[in-house]
Amino acid sequence: MSAEENLTDMVTANAERFAHAVSFRRLVDGSWLDVTARDFAAHVRAVARGLISVGFAPGDKIALLCGTRYEWSLLEFACWTVGCVSVPIDPSAPAEQVERIMSQSRAKALVVDSAAHRQVVARVVDRLADLDWVWQLDAEEDVAPAIDELTALGAGVDDTEVDRRRLAVRADDLASIVHTAGVTGPAKAVRQTHRTLLAQARGCLAAVPQLLRPGHSTLLFGAMTQPHLRATALACVYARTTLGHLPDEESLSTDLGTFRPTFLVTVPRTLERVYGLLAGRAHADGNGRVFDLAADVAVRRSQEQVHGVSLRLAHLAATRLVYPRVRGALGGRCIGVLCAGGQLDRRLTHFFRGAGVPVFQGYSLTEAGGFAALETPGNAAVAGSVGMPLPGVAVRVEDDGTILISGDAVAPAEDASGGWLATGDVGRLDHAGYLHVTGREGDTIRTIDGPEVAPGPLEDRLRSHPLVSRCVVVGDQRPFVGALLTVDQDVADLWFGEDRVGLDAALAAAVSAANRGASVRIRRFRVLDEELSETTGELAGGQSPRRDVIAKVRAEEIAALYG
């Protein structure tokens, strides 16, 4: 990578060479509208002129507190065009976290998407000495949309000044300050350069070129502060893959059907829920036995190297009767899924692959700007692994299990030793070079008389059951290990109806299944009346549980396990 490159080069090159290619599909009043490469470059330039007109200088920080939407990508590229630094903030962040990130970064501007986020900022704005501008994306009475306002402000700025500013940005200039989720401790600021984010985009393209290609598309949902989503957004622009943004998941099934992505990037819970809803609908319609048999056939088809005649015939029948529903649930055109943010149960991995939608497990980190390791068609299906290191990332595991990363895609950090950055995760590299992540440093529990154990793998196994939406293993300094569960209400409705007869027995069976083969077993569990919440701080931005917060918020429920 040359020293003169920067992230905006891909936008300019696409507009000049592939002007009519559809770079984005934008959700407007329920319809998806095409945005060509030429259109996007023009939108970026217009907003960049506005930033210049109000006095933003290279190195100034602009924070983004908004959901997943087209304007996110537009604002980041406009920010980078004028040499500024983006500061993404999770849209669910409480006011105190917004204040801390804004103060630490010394951001001069903040873009929010709605009045609700503006009210969050209003509670702390008096303590933000560096903040000069607050823009809102959604129009309201007496509030002009931010993009329209910036475009109007920049009308008098000459394009030559925009070009001068863009070409002055170098690969090693700071592009973004992103904060980690802070699952086991305080959130850490990660300083990402144009070089690191470009290396991540190119590494993704090299790893899964069959997904990231012109003419293909993906629909992003979830917070754009999640590293695997943001990396995918950049890789899509780089590869000229059409990109769509979905601000929430309330109508995900409908939106997948109208957008019809060719691949998806998501977390294990989405796929677990898809499976649960498909199975639930089949059982509710009286076709449960057919679905279950087809699921077993899909798993065998994926697992077994040699396919006998009976398996091939059974798979052919299931392909006609059941598997189209699997692809239909993902939009109808999906040829693959990148999955990060936790370990997907291997049986479900085999199920989706056997049904015609291969799932590639990944290991994503803010410090890597996205994926540090990823399964690909050439290195998939190694039980328990997250694939091999992404091009641009090197991985090393210390004797104590600490995972270290290095390379162009890894954000430079002061605490890196010899160029190697400690991730805070623990795991191992097997003899073939596959990475296995087994837990998080400091994320352990120890019963009164038992050994120290990592709860993550046990939680993953239990959460993989379609009925279980969340699972938190507890038991630190307690007599035994217990668990707090939440139930996926939609799946439960399909499986058991309104009376829920049989639900408790099904959950008990799920716990027993998760305990098989575990070194420490869950002896008791309790079902919570409501979901864990990001609002109360129980979940980090990537939906991982914060155990210290949960121990306080759910103290009564935990005590009841041991009463």
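Computed from a predicted structure; not experimentally measured.

Novice: I'm lost on the overall build of the chain in this one. Help?
Specialist: Looking only at helices and strands, the chain has 20 helices and 24 strands in total. Each principal axis of the C-alpha distribution contributes one length, and for the chain these read about 70 × 55 × 55 Å. Among the 563 residues that make up the chain, the fraction classed as buried is 54%. Long-range pairs, those at least 24 residues apart, make up 66% of the contacts in the chain with a sequence separation of at least 6. Of the accessible surface of the chain, which amounts to about 23,700 Å², a share of 50% is contributed by carbon and sulfur atoms. Where the 58 positive side-chain charges of the chain centre and where its 70 negative ones centre are 6 Å apart.

Novice: Please explain the packing of helix α2 (residues 37–53) against helix α6 (residues 146–153) as it appears in this structure.
Specialist: Two quantities define a packed helix pair, namely the angle between the helix axes and the distance between the axes. At a closest axis distance of 7 Å, the pairing of α2 and α6 adopts a crossing angle of 65°. In terms of orientation, α2 and α6 fall into the roughly perpendicular class. Note on packing geometry: the crossing formed by α2 with α6 is left-handed. Each of A46, V47, G50, L51 and S53 in α2 lies in contact with α6, whose residues at this interface are I147, L150, T151 and L153. Residue classes in the contact of α2 with α6 are distributed as 6 nonpolar, 3 polar and no charged.

Novice: Even after reading the chapter, I still don't get the sheet that holds strand β1 (residues 22–28), so can you show me in this structure?
Specialist: Two strands in a sheet stick together by hydrogen bonds in their backbones, pointing the same way (parallel) or opposite ways (antiparallel). Within the open sheet, the 4 strands sit side by side as β2-β1-β10-β9. Their pairing is mixed. Across the chains shown, the open sheet's two edge strands, defined by having one partner strand only, are β2 (31–36) and β9 (217–221). Direction aside, neighbouring strands of the sheet carry axes that sit 25° apart on average. Where β1 meets strand β10 (residues 242–246), 2 bridges bridge the pair, whose relative direction is parallel. Bridging across to β10, R25 finds its partner in G244. In the packing of α2 onto the sheet, the strands contacted are β1 and β2, and the crossing angle to β2 comes to about 85°.

Novice: Would you mind going over the pairing of strand β18 (residues 421–429) with me for this structure?
Specialist: Looking down a regular strand, the side chains alternate between one sheet face and the other. Strand direction decides the pairing type here: strand β17 (residues 402–406) and β18, joined by 3 bridges, are antiparallel. In the sheet register, I405 faces β18, and the bridge partner there is L421. Pairing of β18 with strand β19 (residues 435–440), which is carried by 5 bridges, proceeds in the antiparallel orientation. Paired with G427 across the two strands is V437, which belongs to β19. Count of turn residues in the β18/β19 antiparallel hairpin: 5 residues, of which G433 carries a positive phi of about 95°.

Novice: Looking at this structure, how should I read the packing of aromatic side chains?
Specialist: Working definition: an aromatic ring pair is given by the centre-to-centre distance plus the angle between the planes. Per the stated rule, a full pass over the model turns up 14 aromatic pairs. A centroid spacing of 4.9 Å and a plane angle of 85° characterise the contact between Y275 and F351, whose relative ring orientation is edge-to-face. Taken together, the residues span a long stretch of sequence, with Y275 in helix α11 (residues 268–284) and F351 in helix α15 (residues 346–354) at a distance of 76 residues. Look at Y275 and you get buried, because its relative accessible area is 13%. Exposure remark for F351: the relative accessible area of 1% places this residue in the buried category.

Novice: Please clarify how the environment of A518 should be interpreted in this entry.
Specialist: Among the secondary structure elements, A518 is positioned in the loop between α18 (503–515) and β24 (522–527). Residues A518 and R461, 57 residues apart in the sequence, show an inter-C-alpha distance of 9.8 Å. Excluding anything up to four places from it in sequence, A518 contacts L458 and R461.

Novice: How should the confidence of the model for the chain be read in this particular structure?
Specialist: Where the model shows low pLDDT, its predicted coordinates should not be examined in detail. Put simply, the chain has an average pLDDT of 89, and 97% of its residues get 70 or more. Mean pLDDT values for the elements of the chain range from 78 in strand β21 (residues 452–453) up to 97 in α2.

Novice: Looking at this structure, how should I read the pattern of salt bridges?
Specialist: Close approach of charged atoms lets side chains of opposite charge pair. With the rule as written, the count across this model stands at 31 salt bridges. Residue R45 is joined to D159 by a salt bridge in which the shortest nitrogen-to-oxygen separation is 3.5 Å. Here the residue R45 occupies a position in helix α2, and D159 occupies one in helix α7 (residues 159–167), the gap between them amounting to 114 residues. With a relative accessible area of 24%, R45 lands in the partly exposed category. By relative accessible area, D159 is classed as partly exposed at 33%. With a shortest N-O distance of 3.3 Å, D130 and R106 are connected by a salt bridge. Here R106 lies in the loop between α4 (95–105) and β5 (109–112) and D130 lies in the loop between α5 (115–122) and β6 (133–136), a separation of 24 residues in the sequence.

Novice: Sorry, what's going on with the sheet that holds strand β23 (residues 481–487) here?
Specialist: Strand order in the open sheet made by the 3 strands is β22-β23-β24, with mixed pairing throughout. Of all strands in the sheet, those with a lone pairing partner are β22 (468–474) and β24, marking the two edges. Going from strand to strand, the sheet's axes swing by 25° on average, the running direction of each strand aside.

Novice: How should a nonpolar patch on the surface be read in this particular structure?
Specialist: A contiguous nonpolar surface patch, about 300 Å² in accessible area, is contributed by V309, L313 and L316. Residue placement: V309 occurs in helix α13 (residues 309–321).

Novice: I tried to follow α5 on my own but got confused; where do I start?
Specialist: An α-helical segment advances 3.6 residues per turn. Residues three or four places apart therefore align on the same side. Residues H117, V120 and V121 constitute the buried set of α5. Projected down its long axis, α5 shows its buried positions confined to an angular sector of 95°, all on one face. Facing away from the buried side of α5 by more than 90 degrees, the exposed set consists of Q119 and A122.

Novice: Sorry, what's going on with the nonpolar core here?
Specialist: It is characteristic of soluble globular proteins that their nonpolar side chains tend to be buried jointly. Counting residues in hydrophobic clusters, the biggest one holds 78 residues, and the most contacted among them are F40 and F77. Looking at which element gives the most residues to this core, the answer is helix α3 (residues 70–81), with 8 residues. Discounting chain neighbours no more than four positions away, the residues touching F40 are V11, F24, V35, Y70, S73, L74 and F77. If you look at the next biggest cluster of nonpolar residues, it comprises 36 residues, including W32, L278, C339 and V359.

Novice: Which parts of the structure should I look at to understand helix α10 (residues 252–259)?
Specialist: Taken as a whole, α10 has its buried residues at L252, D255, L256 and F259. Summarising the axial view, the buried residues of α10 lie within an arc of 105°, below the 170-degree limit, and thus occupy one face. Of the residues in α10, the exposed ones pointing more than 90 degrees away from the buried face are S253 and T254. Just beyond α10, the residue with positive phi is R260, at close to 55°.

Cut-offs and rules
- Residues numbered from 1 in each chain as written.
- Predicted model: local features only at pLDDT ≥ 70, side-chain atom pairs only at ≥ 80, totals over all residues.
- Heavy atoms only, no water.
- Helix = DSSP H or I, 4+ residues; strand = E, 2+ residues; numbered from the N terminus.
- Buried < 20%, exposed > 50% of the residue type's maximum accessible area, 1.4 Å probe, protein only.
- Contact = heavy atoms within 4.5 Å.
- Areas by Shrake-Rupley, 256 points an atom, 1.4 Å probe, with all protein chains shown as cover.
- Lys, Arg positive; Asp, Glu negative; His and termini not counted.
- Charge placed at Lys NZ, Arg CZ, Asp CG, Glu CD.
- Axes fitted to C-alpha atoms, helices over the stretch in contact; angles between N-to-C directions.
- Parallel < 35°, antiparallel > 145°, perpendicular 65-115°, else oblique.
- Left-handed = near helix turned anticlockwise from the far one by under 90°.
- Nonpolar A, V, L, I, M, F, W, Y, C, P; charged D, E, K, R; others polar.
- Pairing = 2+ DSSP bridges.
- Phe/Tyr/Trp six-rings, centres within 6.5 Å; stacked < 30°, edge-to-face > 60°.
- pLDDT = per-residue confidence, 0-100.
- Salt bridge = Lys/Arg side-chain N within 4 Å of Asp/Glu carboxyl O.
- Patch = residues over 30% accessible without salt bridge, like charges linked within 9 Å, V, L, I, M, F, W, Y side chains within 5 Å.
- Arc of directions from axis to C-beta.
- Core = buried A, V, L, I, M, F, W, Y, C linked by side-chain atoms within 4.5 Å.

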